[in-house]
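Commentary on secondary and tertiary structure
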Amino acid sequence: GAGVLLGFILGSSQGSVQGVDPTERKEIDELRAEAKFRRDYDGHVFVQAKDGSWFEARLDAQIPGTLLLRDPDNFVYFINLNIQQIDLTD
């Protein structure tokens, strides 16, 4: 909704990422682009397919070890890595 749009606009503006200056942010974005990886400033993560299209990637909140991919046409695919996720926060 409007909050996501506002977050994207604010997150994409110069100097809005705390602790990261615009030069550092550009370097980070370039490294991600080389790896075919993109993280928007609203937190959404994307991976690039061989054909150049971008898929949104996120972990499934219900099934541990499952990666969800949403293509540009909003079809959702899943990859089950059968890996147990471990919470490393204290």
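Residues numbered from 1 in each chain as written. Predicted model: local features only at pLDDT ≥ 70, side-chain atom pairs only at ≥ 80, totals over all residues. Heavy atoms only, no water.

**A closer look at the packing of aromatic side chains**
The description of an aromatic ring pair rests on the distance of the ring centres and on the angle between the ring planes. The full count for this structure, using the stated rule, is one aromatic pair. Taking NZ or CZ as reference, Arg38 lies 4.1 Å from the ring centre of Phe46, over its face. Lying across the ring of Trp54, Arg38 places its NZ or CZ 4.8 Å from the centre. (Phe/Tyr/Trp six-rings, centres within 6.5 Å; stacked < 30°, edge-to-face > 60°. Lys NZ or Arg CZ within 6 Å of the ring centre and 35° of its normal.)

**Some thoughts on the pattern of salt bridges**
Per the stated rule, a full pass over the model turns up four salt bridges. Measuring nitrogen to oxygen at the nearest pair gives 3.1 Å for the salt bridge that ties Asp40 to Arg38. In this structure Asp40 comes out as buried when scored by relative accessible area, which is 17%. Look at Arg38 and you get partly exposed, because its relative accessible area is 30%. When the shortest N-O distance is used, the salt bridge between Glu56 and Arg58 registers 3.0 Å. Residue Arg58 is classed as partly exposed on the basis of its relative accessible area, which comes to 43%. (Salt bridge = Lys/Arg side-chain N within 4 Å of Asp/Glu carboxyl O. Buried < 20%, exposed > 50% of the residue type's maximum accessible area, 1.4 Å probe, protein only.)

**Describing the sheet that holds strand S5 (residues 76–80)**
The five strands are arranged S1-S2-S3-S4-S5 in an open sheet whose pairing can be described as antiparallel. Among the strands making up the open sheet, the edge pair consists of strand S1 (37–39) and S5. Taking each pair of neighbouring strands and ignoring which way they run, the sheet shows an average axis angle of 30°. Bridge analysis of S1 against strand S2 (residues 45–48) gives three bridges, and the strand direction is antiparallel. The partner of Phe37 across the bridge, within S2, is Val47. (Pairing = 2+ DSSP bridges. Helix = DSSP H or I, 4+ residues; strand = E, 2+ residues; numbered from the N terminus. Axes fitted to C-alpha atoms, helices over the stretch in contact; angles between N-to-C directions.)

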